[in-house]
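This is what each chain is made of:
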Amino acid sequence: MHTGESEHGLRKILDMTRMISIVLLCLHDYFYCYRAFVKWKMTSGVTSRILSFLVHTGLFRHPYLTQVSILLFLFISLLGATGKKDEDVKFSRGLVVMATGLLLFGSSWGLLSLDLEPTTLAALYITGTSLGYLLVLTGGTTLSSVIRYRIDEGDIFNRDNESFPQEERLLQNEYSVNLPARYFLKGRQRRSWINIINPFRSLLVLGSPGSGKSYFVIRHVITQHIRKGFSMFIYDFKFDDLSIIAYNTFLKYRFTYPVLPKFYVINFDDLSLSHRCNPL
């Protein structure tokens, strides 16, 4: 299961992989444009020692070897790139940008064979590799956002990503209220139960008019508690919706009561449908 800690750890690994590719790019440009860096007085003993160590690995034997390594680390970092979801971004656009970046990045090594001043050659080469790297990065991020959007567009309510296992057992006792429900998990609709084991802790149902408070919750509380032998006081705001449910359930399960209760209705709007009582 994906948790916040695991996603955060994965993000740190991907960021580190991208940073490795950027460091390799900088060392690559520094190595193949070393004469220009000497003229610019931008050399240091630390970078020189790092390069001398890396030279023995064979990584700088040919520009292509370093470029492939840079792109490899960059592509690994792009595997977890989410990108910004945008309906107007096209797959072809990201593909063209990435292909342009790969072409510019891969062909830039040909500039090293030109007979130019070291500083001019370095400026052209660093510009070509940096621009190609940025285009590959931009195109890869665009492709990842398009792919992710196409995967998610069939799930407009995010049922797959937001679903989790829910209680599917029916847990009953002499006081419980058990509400049948359904939920989606891994693309399948499953049956579940909302088990209110201790209703004495109070039950608050909130919802706008017509949202189904009475149908999905209140009527189950009435029918299940009458079936379990409870007496009940019901304020029927939309008389006689809940009263009919309560009365029919009472007729069906009145044999379960040790002492047969009475059924009374107090109606201030229509006295012909009301019992008489002394409010004091």
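Along each chain, numbering runs from 1 in the same order as the chain's sequence is written. Local features in a predicted model are, by the rule used here, given only for residues with pLDDT of at least 70; side-chain atom pairs are given and counted only at 80 or more, and totals for whole chains, interfaces and linings are based on all residues. Remark: hydrogens and water are excluded; side-chain values derive from all non-hydrogen atoms of the structure.

**Q** How would you sum up the overall build of the chain? Please name residues and give values.
**A** Helix and strand assignments come from DSSP, with helices taken as H or I runs of at least 4 residues and strands as E runs of at least 2, each series counted from the N terminus. Of the regular secondary structure elements, the chain holds nine helices and two strands. What you see in the chain, going N to C, is helices and strands ordered as α-α-α-α-α-α-α-β-β-α-α. Taken over 280 residues, the chain has a buried fraction of 30%. Here the analysis covers contacts within the chain between residues at least 6 apart in sequence; of these, 61% occur between residues at least 24 apart. Exposure categories follow from relative accessible area, calculated using a 1.4 Å probe and restricted to protein chains: below 20% of the type maximum is buried, above 50% is exposed, and the middle band is partly exposed. Every residue pair with non-hydrogen atoms within 4.5 Å of one another is taken to be in contact.

**Q** Kindly report on the pairing of strand β1 (residues 177-185), identifying the contributing residues and their values.
**A** Looking along a regular strand, one sees side chains alternate from face to face of the sheet. Think of it this way: DSSP has to see at least two bridges between two strands before they count as a pair. Relative to strand β2 (residues 188-196), β1 runs antiparallel, the two being bridged by nine bridges. Residue pairing across strands places R182 opposite R191, the latter belonging to β2.

**Q** Residue-level account of the packing of helix α8 (residues 213-227) against helix α9 (residues 241-253), with values.
**A** For helices, the axis comes from a line fit to the C-alpha atoms of the stretch in contact; other axes are also lines fit to C-alpha atoms, and the angle between any two N-to-C directions lies between 0 and 180 degrees. For the pair α8 and α9, interaxial distance at closest approach is 9 Å and the crossing angle is 30°. Taken together, the axes of α8 and α9 lie roughly parallel to each other. With respect to the hand of their crossing, α8 and α9 are arranged in right-handed fashion. Together, S214, I218, R219, I222, T223, I226 and R227 of α8 and L242, I245, A246, T249, F250 and Y253 of α9 make up the contact between the two elements. Every angle not falling under 35 degrees, over 145, or within 65 to 115 is termed oblique; those three ranges are roughly parallel, roughly antiparallel and roughly perpendicular. Helix crossings are classified by the rotation of the near helix relative to the far one: an anticlockwise turn of less than a right angle makes the crossing left-handed, while a clockwise turn makes it right-handed.

**Q** Which residues make up the packing of helix α4 (residues 63-78) against helix α5 (residues 91-107), and what values go with them?
**A** Where α4 contacts α5, the axes come no closer than 11 Å and their chain directions differ by 155°. Taken together, the axes of α4 and α5 lie roughly antiparallel to each other. Considering how the two elements wind past one another, α4 and α5 form a crossing that is right-handed. Between α4 and α5, the residues in contact are Y64, Q67, I70, L71, F75 and L78 and M98, L102, F105 and G106, respectively.

**Q** Got a sec to walk through the nonpolar core? Specific residues and values, please.
**A** The criterion is simple. A nonpolar core is a set of buried Ala, Val, Leu, Ile, Met, Phe, Trp, Tyr and Cys residues joined through side-chain atoms within 4.5 Å. Within the largest apolar cluster, 24 residues are counted, with the highest numbers of intra-cluster contacts made by F60, I70, L74, F105 and Y133. Counting only elements with at least two residues in this core, the list comes to α1 (4-32), α2 (34-39), α3 (45-55), α4, α5 and α6 (118-152). Residues contacting F105, with those up to four places away along its chain left out, are L25, Q67, I70, L71, T129, G132 and Y133. I226, L242, A246 and Y257 belong to the second-largest nonpolar core, a separate cluster that totals six residues.

**Q** So, α8: which residues are in play, and what are the values?
**A** Since there are 3.6 residues in each turn of an α-helix, residues three or four apart along the chain are aligned in direction. The length a helix should cover is 1.5 Å for every residue beyond the first. Here α8 contains 15 residues, and its C-alpha end-to-end distance of 20 Å stays within 8% of the 21 Å for a straight helix at 1.5 Å per residue. We define the bend at each residue as the angle formed by axes fitted to the 7 residues ending at it and the 7 residues starting at it. At R219, α8 shows its largest bend, some 30°. Among the structural elements, β1 and α9 are those in contact with the buried residues of α8. Of the residues trailing α8, G229 is marked for its positive phi of about 90°.

**Q** How would you sum up the packing of aromatic side chains? Please name residues and give values.
**A** Each aromatic pair joins two rings of Phe, Tyr and Trp (for Trp, the six-membered one) with centres within 6.5 Å, and gets the label stacked for planes under 30 degrees apart, edge-to-face for over 60, and tilted for any other angle. The full count for this structure, using the stated rule, is 13 aromatic pairs. Ring centres of F200 and F230 lie 6.5 Å apart, and the angle between their planes is 35°; this geometry places the pair in the tilted category. With F200 in the loop between β2 and α8 and F230 in the loop between α8 and α9, the pair connects residues that are 30 residues apart, well separated along the chain. Here F200 falls in the exposed class, since its relative accessible area comes to 56%. On the basis of relative accessibility, which here comes to 22%, the residue F230 falls in the partly exposed class. Through a chain of ring-to-ring contacts, the aromatic side chains of Y30, Y34, F37 and W40 assemble into a single cluster. Across the ring face of Y215, the terminal group of R219 is positioned such that the distance to the ring centre comes to 4.3 Å. Only Lys NZ and Arg CZ are tested; either one counts as a charge over a ring when it is within 6 Å of the ring centre and within 35 degrees of the ring normal. The ring of Y253 has R227 lying over it, and the distance from NZ or CZ to the ring centre is 5.9 Å.

**Q** Can you lay out the pattern of salt bridges for me, pointing to particular residues and giving the numbers?
**A** We count a salt bridge whenever a side-chain nitrogen from Lys or Arg sits within 4 Å of a carboxyl oxygen from Asp or Glu. A complete count under the given rule lists three salt bridges for this structure. As a salt-bridge pair, E117 and K39 come within 3.9 Å of each other at their nearest N and O atoms. Taken together, the residues E117 in the loop between α5 and α6 and K39 in helix α2 connect sequence positions 78 residues apart. With a shortest N-O distance of 2.6 Å, E168 and R190 are connected by a salt bridge. Taken together, the residues span a long stretch of sequence, with E168 in the loop between α7 (159-162) and β1 and R190 in strand β2 at a distance of 22 residues.

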